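Results of the structural survey
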Amino acid sequence: MPNMSKVKTPMPEQDPNVRNKNFEEVSLGYTEEMAMEEAKRCLNCKNKPCVSGCPVGVRIPEFIGCVASGDMENAYKIIKTTNSLPAVCGRVCPQESQCEQKCVRGIKGEPVGIGRLERYVADWHMKHGGAETFEEKPNGHKVAVIGAGPAGLTCAGDLAALGYSVTVFEALHTAGGVLMYGIPQFRLPKEIVQKEIDGLKDKGVDIRTDMVMGKVLSVDELFEMGYEAVFIGTGAGLPSFMNIPGEELVGTYSANEFLTRVNLMKAYLDEYDTPIIRPKNVAVVGGGNVAMDAARTAKRLGAENVYIVYRRAEEQMPARKEEIHHAKEEGILFNLLRNPVAIHGDENGRVRSIECIEMELGEPDASGRRKPVPKEGSNFEIPVDCVVMAIGNSPNPLIRSTTEGLEANRKGCIVVDEATMATTREGVYAAGDAVSGAATVILAMGGGKEAARSIHQYIQAEGKS
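Anyway, here's the lowdown on the structure attached to this text. Note that the coordinates shown come from a computational prediction; the quantities given were computed from them, not determined experimentally. (Residues numbered from 1 in each chain as written. Predicted model: local features only at pLDDT ≥ 70, side-chain atom pairs only at ≥ 80, totals over all residues. Heavy atoms only, no water.)

What follows concerns the pattern of salt bridges. Under the counting rule described, the total for this entry stands at 26 salt bridges. Of the charged contacts in the structure, one is a salt bridge between Arg-320 and Glu-322, with a shortest N-O distance of 3.9 Å. Of the charged contacts in the structure, one is a salt bridge between Glu-358 and Lys-375, with a shortest N-O distance of 3.7 Å. Within this pair, whereas Glu-358 is found in strand β11 (residues 351–364), its partner Lys-375 is found in the loop between β12 (370–374) and β13 (380–383), the two being separated by 17 residues in sequence. What makes Glu-358 partly exposed here is its relative accessible area of 25%. (Salt bridge = Lys/Arg side-chain N within 4 Å of Asp/Glu carboxyl O. Helix = DSSP H or I, 4+ residues; strand = E, 2+ residues; numbered from the N terminus. Buried < 20%, exposed > 50% of the residue type's maximum accessible area, 1.4 Å probe, protein only.)

Below, the structure written as structure tokens:
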């Protein structure tokens, strides 16, 4: 019998006052009974509106139907036909603004928990599923992928499935990109990411780390080495700052540096000697998912007070509602309609406070959101010993500055044909944050899939095959 409940099957979670002191995963995942119960809420709509909301086109009703009948292995196989990283996507995709937003069940209640079911299926396979087999024979063609983040890994996986010899060049010592250095352990366990990466290696993808492309090798040299196409998925790792007084003080971090030290360099584990300030009072500037990640991480490092400082109102925050909800549960303090104007230091050059000005909302700006306007004379200080700037990132200029014929826009993003992901340099394709600026994991993966299709067509075209 279908489950006509208007609400999702609740997700088990750690208690907020327990989890804000550890780095274990917040959401504990469905049991098999919970997953099957939630799957039965799906109406298996004939026109499948949810699929149109998924950037990688997961066959959602089909896999959910398998879950409802208890056939988890086939559910996994269906997901994997379009999604290379289901355990990741089930955890960090903004389903509420994509597939679930289009779910018919959401009209008179909550949509089906598509992300929760995808996570369950992927986790089930990691525990119980057999080894994946790949029947595609090598086709004799070589492709280079620069960057082992979501876009690069997806592109590499899809090309390997078509028989290409794929080499991924990653600047850091660990593959995964933002999945490893940016998103915290308590939201996306690194062992989960590593298993997904190991699955790509099993497909034959060669991943080479500590390769800072543009310095170690250029795009031109990759072509000289016999690679017939190059994909660029280098992300957006260049942090933005406000250019206010005091940003040079000890205790001021970009969110990139702060999260990388904790996530990739394991600063939260006692056995790792990673230098990081263990702050007592922290201001995190910004209102997106990265700001929530930084604030919740600071709390887990032992901070007594963690403030989100954001210049707009809560309903205008770009962070997922779930992340805002979790942050509030964990004791993060929200200072909204506040904008930093200076960071003040002590006699030793260390952060002692952040000075803010109160804001009020005026007329809508270019983004469609009401523009925050400063209130004259409303300045005040918050005593803090650490400030984390989480106000956005832009692409690193290294690749574009060392590759002739590669055009970028005024924001430093690589210019591509949106239909094919082809750049202005023949044989070079790009996707993910290097093209869009900082965006979501699933959008980067969607771009990587489109680029893989285009690279296949390019190489198989007359004169290349």
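More follows now that the structure is in view.
Relative to the helices and strands, Thr-9 resides in the segment before α1 (16–19). Every residue in contact with Thr-9, bar those within four places of it in the chain, is listed here: Tyr-30, Met-34, Glu-37, Glu-38 and Arg-116. (Contact = heavy atoms within 4.5 Å.)

Here we take up the packing of helix α2 (residues 32–39) against helix α4 (residues 60–68). Pairs of packed helices are described in terms of their axes, by the angle between the two and the distance that separates them. Between α2 and α4, the least distance of the axes is 8 Å, while the angle of their chain directions is 130 degrees. Accordingly, the angle class assigned to the pair α2 and α4 is oblique. Of the two elements, α2 crosses α4, and the hand of that crossing is left-handed. Contacts from Ala-35, Met-36 and Ala-39 of α2 reach α4 at Ile-64, Val-67 and Ala-68. Along the lines of polarity and charge, the residues of the contact of α2 with α4 split into six nonpolar, no polar and no charged. (Axes fitted to C-alpha atoms, helices over the stretch in contact; angles between N-to-C directions. Parallel < 35°, antiparallel > 145°, perpendicular 65-115°, else oblique. Left-handed = near helix turned anticlockwise from the far one by under 90°. Nonpolar A, V, L, I, M, F, W, Y, C, P; charged D, E, K, R; others polar.)

Within the open sheet, the five strands sit side by side as β3-β2-β1-β4-β16. Their pairing is parallel. Only two strands of the sheet have a single neighbouring strand rather than two, namely β3 (206–208) and β16 (428–430). Across the sheet, the mean angle from the axis of one strand to that of its neighbour is 20 degrees, orientation sign disregarded. Judged from the five bridges that link them, strand β1 (residues 142–146) and strand β2 (residues 165–169) form a sheet pairing that is parallel. Within β2, the position partnered with Val-145 by the bridge is Val-168. (Pairing = 2+ DSSP bridges.)

Take helix α17 (residues 441–460) next. Taking 1.5 Å of rise per residue, the 20 residues of α17 would be expected to cover 28 Å, and the 29 Å separating its terminal C-alpha atoms lies within 8% of that figure. Within α17, 14 of the 20 residues are buried, which leaves the element mostly enclosed by the surrounding structure. (Expected span 1.5 Å × (residues − 1).)

By way of backbone hydrogen bonds, the strands of a sheet pair with one another, either parallel or antiparallel. Overall, parallel pairing links the five strands, which are arranged β6-β14-β7-β8-β9 in an open sheet. The sheet terminates laterally at β6 (252–254) and β9 (333–336), the two strands that pair on one side only. Across the sheet, the axes of successive neighbouring strands diverge by a mean angle of 20 degrees, strand direction being ignored. Of the pairings in the sheet, the one linking β6 to strand β14 (residues 386–389) comprises three bridges and is parallel in character. Directly across from Ser-254, in β14, lies its bridge partner Met-389.

Turning our eyes to something else, we now look at helix α7 (residues 114–128). Here α7 contains 15 residues, and its C-alpha end-to-end distance of 21 Å stays within 8% of the 21 Å for a straight helix at 1.5 Å per residue. Buried residues dominate α7, accounting for eleven of its 15 residues. Buried within α7 are the following residues: Ile-114, Gly-115, Leu-117, Glu-118, Arg-119, Tyr-120, Val-121, Ala-122, Asp-123, Trp-124 and His-125. Close packing links the buried residues of α7 with α2, α3 (49–52), α4, α5 (72–80), α6 (86–92) and α10 (190–202).

A few words on the side chain of Glu-330. Assignment of secondary structure puts Glu-330 in the loop between α14 (321–329) and β9. Sequence-distant contacts of Glu-330, that is, excluding residues within four places in its chain, are made with Pro-16, Arg-19, Asn-20, Val-26, Arg-296, Lys-299 and Arg-300.

Before going further, it helps to examine the pairing of strand β4 (residues 229–232). In β4, alternate side chains face the same way, and those of Ala-229 and Phe-231 on one face and Val-230 and Ile-232 on the other are all buried. In this structure, β1 lies alongside β4, joined through four bridges in parallel fashion. Across the sheet, Ala-144 pairs through a bridge with Val-230, a residue of β4. Note: β4 against β16, three bridges, orientation parallel. Across the sheet, Phe-231 pairs through a bridge with Tyr-429, a residue of β16.

We now examine a nonpolar patch on the surface. On the surface, a cluster of nonpolar side chains totalling about 400 Å² of accessible area is made up of Met-4, Leu-43, Val-104 and Ile-107. Considering the arrangement of structural elements, one finds Leu-43 in the loop between α2 and α3. (Patch = residues over 30% accessible without salt bridge, like charges linked within 9 Å, V, L, I, M, F, W, Y side chains within 5 Å. Areas by Shrake-Rupley, 256 points an atom, 1.4 Å probe, with all protein chains shown as cover.)

In this section: the environment of Val-56. By the secondary structure assignment, Val-56 is in the loop between α3 and α4. Put simply, Val-56 and Leu-406 are 350 residues apart on the chain and 26 Å apart in space, counted from C-alpha to C-alpha. Excluding residues that lie within four positions of it along the chain, Val-56 makes contacts with Thr-82, Asn-83, Ile-442, Met-445, Gly-446 and Lys-449.

Let us now look at the packing of helix α8 (residues 150–161) against α17. The N-to-C vectors of α8 and α17 enclose an angle of 35 degrees; their axes lie 7 Å apart at closest approach. In the crossing of α8 with α17, the sense of the turn from one axis to the other is right-handed. Residue-level contacts link Pro-150, Ala-151, Thr-154, Cys-155, Asp-158 and Leu-159 of α8 to Val-441, Ala-444, Met-445, Gly-448, Lys-449, Ala-451, Ala-452, Ile-455 and His-456 of α17. By residue class, the composition of the contact of α8 with α17 is ten nonpolar, three polar and two charged.

None of this, on its own, says anything about what the molecule does.
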